[in-house]
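Commentary on secondary and tertiary structure
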Amino acid sequence: TTYWSKAVYTFEVQFIELRLSRPALGVAGGAASGKTPVCDLIIEQLHDQRVVLVNQDSFYYNLTAEELTKVHEYNFDHPDAFNTEQLLRAMEKLKHGQAVDIPKYDFKSYKNDVFPARRVNPSDVIILEGILIFHDPRVRDLMSMKIFVDTDADVRLARRIRRDTVQKGRDINTVLDQYSKFVKPAFDDFILPTKKYADVIIPRGGDNHVAIDLIVQHIRTKLGQHDLCKIYPNLYVIHSTFQV
Ligand code: C5P
């Protein structure tokens with residue numbers, strides 16, 4: 001009976017795990033590498049599922065009054081610029097099917113409390129997107145699939161110049177200074193070294209439809225396994241017996 005119950009226990013615990021935690025997809029890569037188009041295409045293809053997209057930008061720390069006076073000296077590309085503890089708590093809640101409030105970051109005022117937070121409800125799939133989401137091992141470990149969008153530095157810089165001058169209304173010299181002082185060194189020191197943790201590396205970002213199709217197929221397979229748990233509704237009871 002010992003062997004039998006062990007086997008049943010392992011089997012059941014596996015299903016409980018699958019049922020309790022939603023698949024989480026991590027999409028990392030340099031700024032303006034094409035992470036957002038990749039996420040948008042995945043979400044579009046998973047139209048019949050509930051998918052939630054969480055952006056690491058939402059967890060930028062607010063700048064203090066003193067930091068605001070010399071904002072051009074602030075490194076927004078360093079891991080310490082993010083409130084990783086808050087990100088971790090939010091991801092853990094979502095993975096376990098609980099709703100969370102995600103702050104909305106304002107790139108103009110450098111604050112995350114100007115706009116009301118976004119209430120995010122539990123969903124079937126969670127996607128976390130951001131330059132440094134593979135930096136902290138605790139965040140990394142929450143990801144069931146890690147994707148790194150690999151785009152040439154000149155393409156990223158060209159896109160960044162366009163985006164920051166047109167959308168963020170920044171001056172071109174400021175954009176170039178920030179790039180050489182902070183963005184490029186931080187990419188080399190902190191972002192690129194996390195590429196080794198990726199399960200999938202996508203060259204060219206959103207233009208790579210073959211890679212996106214493969215990723216979506218994989219997610220669907222995982223969701224199929226997830227659905228199997230519904231056949232065993234009494235698993236919760238068994239689980240709570242073990243907890244007691
Ligand atoms: O969306 P994306 O991943 O491109 O955002 C990250 C980039 O946003 C970083 O390279 C950082 O320099 C930039 N950023 C900024 N100003 C802020 C916050 C972030 O230029 N206030």
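Heads up: the structure comes first, above all this text.
Residues numbered from 1 in each chain as written. Predicted model: local features only at pLDDT ≥ 70, side-chain atom pairs only at ≥ 80, totals over all residues. Heavy atoms only, no water.

**Brief notes about the packing of helix H6 (residues 153-167) against helix H7 (residues 172-191)**
- Running from N to C, H6 and H7 point in directions that differ by 140°, and their axes come no closer than 11 Å. Here H6 lies oblique to H7, going by the angle between them. Two packed elements cross with a definite hand, and for H6 against H7 that hand is right-handed. In this structure, H6 uses Ala153, Arg156, Leu157, Arg160, Ile161, Asp164 and Thr165 to contact H7, whose residues at the interface are Ile172, Val175, Leu176, Gln178, Tyr179, Val183 and Phe187. (Axes fitted to C-alpha atoms, helices over the stretch in contact; angles between N-to-C directions. Helix = DSSP H or I, 4+ residues; strand = E, 2+ residues; numbered from the N terminus. Parallel < 35°, antiparallel > 145°, perpendicular 65-115°, else oblique. Left-handed = near helix turned anticlockwise from the far one by under 90°. Contact = heavy atoms within 4.5 Å.)

**Things to note about unusual backbone geometry**
- One non-glycine residue, Tyr110, lies in the positive phi region at around 60°.
- Along the chain, the position of Tyr110 falls in the loop between strand E3 (100-102) and strand E4 (118-120).
- For Tyr110, a relative accessible area of 16% translates into the label buried.
- At Arg204, a residue that is not glycine, the phi angle is positive and equals roughly 70°.
- Here Arg204 shows up in the loop between strand E7 (200-203) and helix H8 (209-228). (Buried < 20%, exposed > 50% of the residue type's maximum accessible area, 1.4 Å probe, protein only.)

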